[in-house]
Amino acid sequence: MKVRMMALVALLTMACNSFAQRTMDKLDRGLVAMKVSRGVFLSWRVLDSEYYDVQYNVYRGEQKLNASPLSVSNYTDSSGTTSSTYTIKTVVNGVESAEGCAPVATLSNSYKEIQLTHEGIKSTLVPNDACCADVDGDGELEIIMKFDNLSEIEQSYPKNGPKINAVDTKEYTIFECFKMDGTRLWWLNCGPNMADFQNNEQNIAAYDWDGDGKAECVMRVTDGAVMHMRDGNTYTIGNKDVNVRAANGGGVNWFITTDGEYLLYFNGETGAKYQEMAYPLKRLESGETDINKEWGDGTGHRCSKHFFGAPYFDGKKPSIFLARGIYTRHKMIALDVDPATHQLTERWRWYNNTAGSPWYGQGFHNYAVADVDWDGRDEICFGSMVIDDNGKGLSTTGLGHGDAQHHSDFNPYVHGHEIFTCLEDNPGNNYRDATTSKIYYRFVSSRDDGRCIAGNFSNDYPGAMAFSGYDSAPISCVTNNHVDGLVKGGIPDNMRIYWDGDLCEEGFNYSNGKNTAGGIYKYNQGRIDLLEGSMTNNDTKGTPCYLGDLFGDWREEVMMRTSDNKIRIYSTTIPTDWRNYTLWHDMQYRNAMVWQMCGYNQPPHVSYFLGELEGITMAPPALTMTNRTEIANGGTISSSHNNQQVILAE
């Protein structure tokens, strides 16, 4: 068959989602080579367009290493050294491509290390949370990182920034955008009016909203923030003369509240401004004057919770999503981008400030974007409730606020997605249908159950398992209850990750308490890898700077800081016999790469289930239009489509 789409693919595409017409990032091969004791371990991306019939040849210099084309995307060169360079060539229908990917040198360790110079900045900066995207369209992901200003913190957040050599620096929290080799593209000084005691409400989101192949950025900023663009020029957001910060700050529940809030939408490669507007989700609405009365506390804590995303509410184009508030009132807005002008228009707006309503106070310290009802359009999973793609409430448990939530196809034997969360307002946890909010399992605790995790961690039990900190044991996401012999097995209730060679997930956590090296934990085996030289972030939360499929095969990378404020991206060196396209090209996972920084960082989940015990060892085709030709209703697949991938979509 000459058309590169088997009948099964067409059936799966139509059955899974007849409306999905999304465009995904055009990434490069993502080849990484790392020196190991057995030689050099190589790992590279399978792209979404290479789902079925593409194989690979590995070259060290000009020498081909594999005897026959590889279906998997990892290889160990037993004769490789740190001086070796490698490239990958694709093989399609037995024909090798003329050109390979760009050659890569061998890393001496199982991580990439990035040393930044922070040119023009006097303060000591500590790497914190990050967002990643391809901002310049070269197929390699860039890093947009928030840096805690250690000099500012040590001097108790002085009004005019830390003094260095007796001079006010006017430096505060810093964001920098840089390439994998450390080349800085732009940086932003958040200014004096944007700070909080946990430093977790300064966030940024990056995505290609205008469809030009390069990601833009959006963030909430305040008066006095200064953008330093790639060309060396600067601009100030809002009023440069406003500084509402007290002489010193810090302490528990320390927030800055100001009316000078703005939505900044800008070019992700250069920092050039597209839009600067009054922040559309105001702290106080017209006629409101008392924060304590309107939000339930006067510190600014409840009104300073912000979330950003890039959901596909129509199944075709991404919107800019903003949300504010979690404990009491909620405000959300969806904005669409005009690609030609970068003007923003409101798609929908959702408010709730009705005490006693099942939609009131349902937010968590994080959220997620997922197509929970499998209609091709994204929903907003906002703690104990789900908002539909049309901006209307889809379902809610009414159980209120909590700290962590997980969303995926945890039960592969039941149609649809499931959600597992832990709770504070009504302590304990719950496992439920993501579309209807029907509760399958409920654990009631006498105290805030602040952590939970869900994933397929074991081949001994079908489906995923899920547990929270105070529940006695995990539940089976298939039986919806505890199962004899099913234990937590050393999996931390922090983050999940694909790391070793099977299709089960592993856990990530700090190895010895807060601010220690990250560790990878296997069910019933304990720690299987120590990310030596690294340090976790965010105190007892023990999170990495970023966790995601940044390069290499379908397993995930962990971005960490070091004690001397370098950045390391750790990658697995464990061979695998399983093939999967990059997780980056799964629609749900891709949006997790946008929202991960927001609030209390939570791990990404793919939209599908993988498991050896269940016999589900291949991900469904990526629901994307990238590198595919659409066949309209009533259309014909003919010889004109030879050597093309085609998709039937509505």
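Residues numbered from 1 in each chain as written. Predicted model: local features only at pLDDT ≥ 70, side-chain atom pairs only at ≥ 80, totals over all residues. Heavy atoms only, no water.

1. Considering the overall build of the protein chain
For step 1, the next point in the chain: A tally of helices and strands in the protein chain yields four helices and 45 strands.
For step 2, the next point in the chain: Its C-alpha radius of gyration of 24 Å places the protein chain within 12% of the 26 Å reference for a compact globule of 650 residues.
For step 3, the next point in the chain: Based on the C-alpha atoms only, the size of the protein chain along its principal axes is roughly 70 × 55 × 50 Å.
For step 4, the next point in the chain: The burial tally for the protein chain puts 62% of its 650 residues in the buried class.
For step 5, the next point in the chain: Across the protein chain, the fraction of contacts at a sequence separation of at least 24, relative to all contacts at a separation of at least 6, is 61%.
For step 6, the next point in the chain: Here the protein chain has roughly 23,000 Å² of accessible surface; of this, 47% comes from carbon and sulfur atoms.
For step 7, the next point in the chain: Within the protein chain, the 83 negative side-chain charges are centred at a point lying 3 Å from the centre of the 57 positive side-chain charges. (Helix = DSSP H or I, 4+ residues; strand = E, 2+ residues; numbered from the N terminus. Rg over C-alpha atoms; globule rule 2.2 N^0.38 Å. Buried < 20%, exposed > 50% of the residue type's maximum accessible area, 1.4 Å probe, protein only. Contact = heavy atoms within 4.5 Å. Areas by Shrake-Rupley, 256 points an atom, 1.4 Å probe, with all protein chains shown as cover. Lys, Arg positive; Asp, Glu negative; His and termini not counted. Charge placed at Lys NZ, Arg CZ, Asp CG, Glu CD.)

2. So, the sheet that holds strand β29 (residues 393–396)
For step 1, the next point in the chain: In space, the four strands of this open sheet follow the order β26-β27-β28-β29, with antiparallel pairing throughout. Edge positions in the sheet fall to β26 (368–370) and β29, since each of these pairs with one other strand and no more. When strand polarity is set aside, the average angle formed by the axes of neighbouring strands in this sheet is 25 degrees.
For step 2, the next point in the chain: As paired strands, strand β27 (residues 379–382) and strand β28 (residues 385–387) are joined by three bridges and run antiparallel to one another. Each bridged residue has a counterpart across the sheet, and for isoleucine 380 the counterpart in β28 is isoleucine 387. (Pairing = 2+ DSSP bridges. Axes fitted to C-alpha atoms, helices over the stretch in contact; angles between N-to-C directions.)

3. Thoughts on the pattern of salt bridges
For step 1, the next point in the chain: Under the criterion given, the structure shown has 37 salt bridges.
For step 2, the next point in the chain: For glutamate 261, the salt bridge identified is with arginine 283, shortest N-O distance 3.1 Å. Taken together, the residues span a long stretch of sequence, with glutamate 261 in strand β20 (residues 261–267) and arginine 283 in the loop between β21 (273–278) and α3 (291–295) at a distance of 22 residues.
For step 3, the next point in the chain: Looking at glutamate 261, the relative accessible area reads 6%, which means it is buried.
For step 4, the next point in the chain: By relative accessible area, which is 4% here, arginine 283 ends up buried.
For step 5, the next point in the chain: Of the charged contacts, one joins glutamate 556 and arginine 496 as a salt bridge, the two residues approaching to 2.9 Å between their closest N and O atoms. Of this pair, glutamate 556 sits in the loop between β41 (546–548) and β42 (557–561) while arginine 496 is found in strand β37 (residues 495–497), placing the two residues 60 residues apart along the sequence.
For step 6, the next point in the chain: What makes glutamate 556 buried here is its relative accessible area of 0%. (Salt bridge = Lys/Arg side-chain N within 4 Å of Asp/Glu carboxyl O.)

4. Some words on the environment of glutamate 556
For step 1, the next point in the chain: Note: C-alpha distance between glutamate 556 and serine 571 (15 residues apart in sequence) is 6.9 Å.
For step 2, the next point in the chain: Beyond its immediate sequence surroundings of up to four residues, glutamate 556 is in contact with Arg496, Ile497, Tyr498, Trp499, Leu547, Gly548, Asp549, Leu583, Tyr589 and Pro604.
For step 3, the next point in the chain: One polar contact links glutamate 556 to tyrosine 589, side chain to side chain, over a distance of 2.6 Å. (Polar contact = N/O pair within 3.5 Å; in protein donor to acceptor, adjacent residues only side chain to side chain.)

5. Things to note about the sheet that holds strand β17 (residues 216–222)
For step 1, the next point in the chain: Pairing in this open sheet of four strands is antiparallel, and the strands run β16-β17-β20-β21 from one edge to the other. Each end of this open sheet is capped by a strand with a single partner; those strands are β16 (205–207) and β21. For this sheet, the mean angle separating the axes of adjacent strands, direction not counted, is 20 degrees.
For step 2, the next point in the chain: Bridge analysis of β16 against β17 gives three bridges, and the strand direction is antiparallel. Within the sheet, the bridge partner assigned to tyrosine 207 lies in β17 and is glutamate 216.

6. Topic: the pairing of strand β33 (residues 439–444)
For step 1, the next point in the chain: In this structure, strand β32 (residues 428–433) lies alongside β33, joined through five bridges in antiparallel fashion. Residue pairing for β33: asparagine 430 is matched across the bridge by arginine 442.
For step 2, the next point in the chain: Once β32 ends, the chain turns through five residues before running back antiparallel as β33, passing serine 437 with a positive phi of about 65 degrees.

7. Notes on the nonpolar core
For step 1, the next point in the chain: Within the largest apolar cluster, 101 residues are counted, with the highest numbers of intra-cluster contacts made by Ile143 and Met559.
For step 2, the next point in the chain: With near-sequence residues (within four places) excluded, methionine 559 lies in contact with Ala130, Cys132, Ile143, Met145, Pro544, Cys545, Tyr546, Leu550, Ile567, Arg568 and Ile569. (Core = buried A, V, L, I, M, F, W, Y, C linked by side-chain atoms within 4.5 Å.)

8. Some points on the side chain of asparagine 74
For step 1, the next point in the chain: You can see asparagine 74 is positioned in strand β5 (residues 74–77).
For step 2, the next point in the chain: Classification of asparagine 74 by relative accessible area gives buried; the value is 7%.
For step 3, the next point in the chain: The contacts of asparagine 74, once residues within four sequence positions are left out, are Phe41, Leu42, Ser43, Trp44, Asp553, Pro575 and Thr576.

9. Some points on empty space enclosed by the protein
For step 1, the next point in the chain: Evaluated as defined, the whole model comprises four cavities of 30 Å³ or more.
For step 2, the next point in the chain: In this structure, the largest cavity encloses a volume near 110 Å³. (1 Å grid on protein atoms, 1.4 Å probe; cavity = no way out; pocket = protein on both sides within 12 Å on 5 of 7 lines; lining within 4 Å. Points joined across faces, edges and corners; volume = space filled by probe spheres on them.)

10. Things to note about the packing of aromatic side chains
For step 1, the next point in the chain: Within this structure, the stated rule accounts for 20 aromatic pairs.
For step 2, the next point in the chain: Counting every residue linked through ring pairs, the aromatic cluster contains Phe307, Phe313, Phe321, Trp348, Tyr367, Phe382 and Trp595.
For step 3, the next point in the chain: A cation sits over an aromatic face here: lysine 112 above phenylalanine 551, 4.4 Å from the ring centre.
For step 4, the next point in the chain: Stacked on the ring of tyrosine 351, the Lys or Arg lysine 331 has its end atom at 5.7 Å from the ring centre. (Phe/Tyr/Trp six-rings, centres within 6.5 Å; stacked < 30°, edge-to-face > 60°. Lys NZ or Arg CZ within 6 Å of the ring centre and 35° of its normal.)

11. Looking at the pairing of β27
For step 1, the next point in the chain: The alternating pattern of β27 places Glu379 and Cys381 and Ile380 and Phe382 on opposite faces, both of which are buried.
For step 2, the next point in the chain: Here β27 folds back onto β28, and the loop between the two strands holds two residues, one of which, glycine 383, carries a positive phi near 70 degrees.

12. Some details on the environment of cysteine 303
For step 1, the next point in the chain: Summarising the element assignment, cysteine 303 is placed in the loop between α3 and β22 (306–309).
For step 2, the next point in the chain: It is 9.2 Å that separates the C-alpha atoms of cysteine 303 and histidine 330, two residues lying 27 residues apart in sequence.
For step 3, the next point in the chain: Those residues in contact with cysteine 303 that sit more than four places away from it in its chain are Thr257, Arg283, Ile291, Trp295 and Arg324.

13. Observations concerning the state of the cysteines
For step 1, the next point in the chain: Under the criterion given, the structure shown has zero disulfides.
For step 2, the next point in the chain: The thiol of cysteine 422 is not disulfide-bonded; the next cysteine sulfur, from cysteine 452, is found 3.6 Å away.
For step 3, the next point in the chain: For cysteine 452, a relative accessible area of 1% gives the class buried. (Disulfide = S-S within 2.5 Å.)

14. Here we look at the confidence of the model for the protein chain
For step 1, the next point in the chain: In the predicted model, the protein chain carries a mean pLDDT of 94, and 97% of its residues have values of at least 70.
For step 2, the next point in the chain: Counting contacts from residues 1–18, a segment whose pLDDT is below 50, to residues more than four positions away or on other chains yields 39 contacts. (pLDDT = per-residue confidence, 0-100.)

15. Describing the side chain of asparagine 429
For step 1, the next point in the chain: Relative to the assigned elements, asparagine 429 resides in strand β32.
For step 2, the next point in the chain: Within the structure, the side chain of asparagine 429 is placed 2.8 Å from the side chain of serine 468, a separation counted as a polar contact.
For step 3, the next point in the chain: Aside from chain neighbours lying at most four places away, what touches asparagine 429 is Phe420, Thr421, Cys422, Leu423, Tyr441, Arg442, Phe443, Ser468 and Asp471.

16. Observations concerning unusual backbone geometry
For step 1, the next point in the chain: Backbone geometry at lysine 170 places phi at a positive 55 degrees, although glycine is not the residue there.
For step 2, the next point in the chain: Owing to a relative accessible area of 53%, lysine 170 belongs among the exposed residues under this scheme.

17. Concerning the environment of valine 218
For step 1, the next point in the chain: Tracing the backbone through its elements, the reader meets valine 218 in strand β17.
For step 2, the next point in the chain: Taking the C-alpha atoms as reference, valine 218 lies 32 Å from tyrosine 51; in sequence the two are 167 residues apart.
For step 3, the next point in the chain: With near-sequence residues (within four places) excluded, valine 218 lies in contact with Ile204, Ala205, Trp209, Leu263, Leu264, Tyr265, Phe308 and Ile320.

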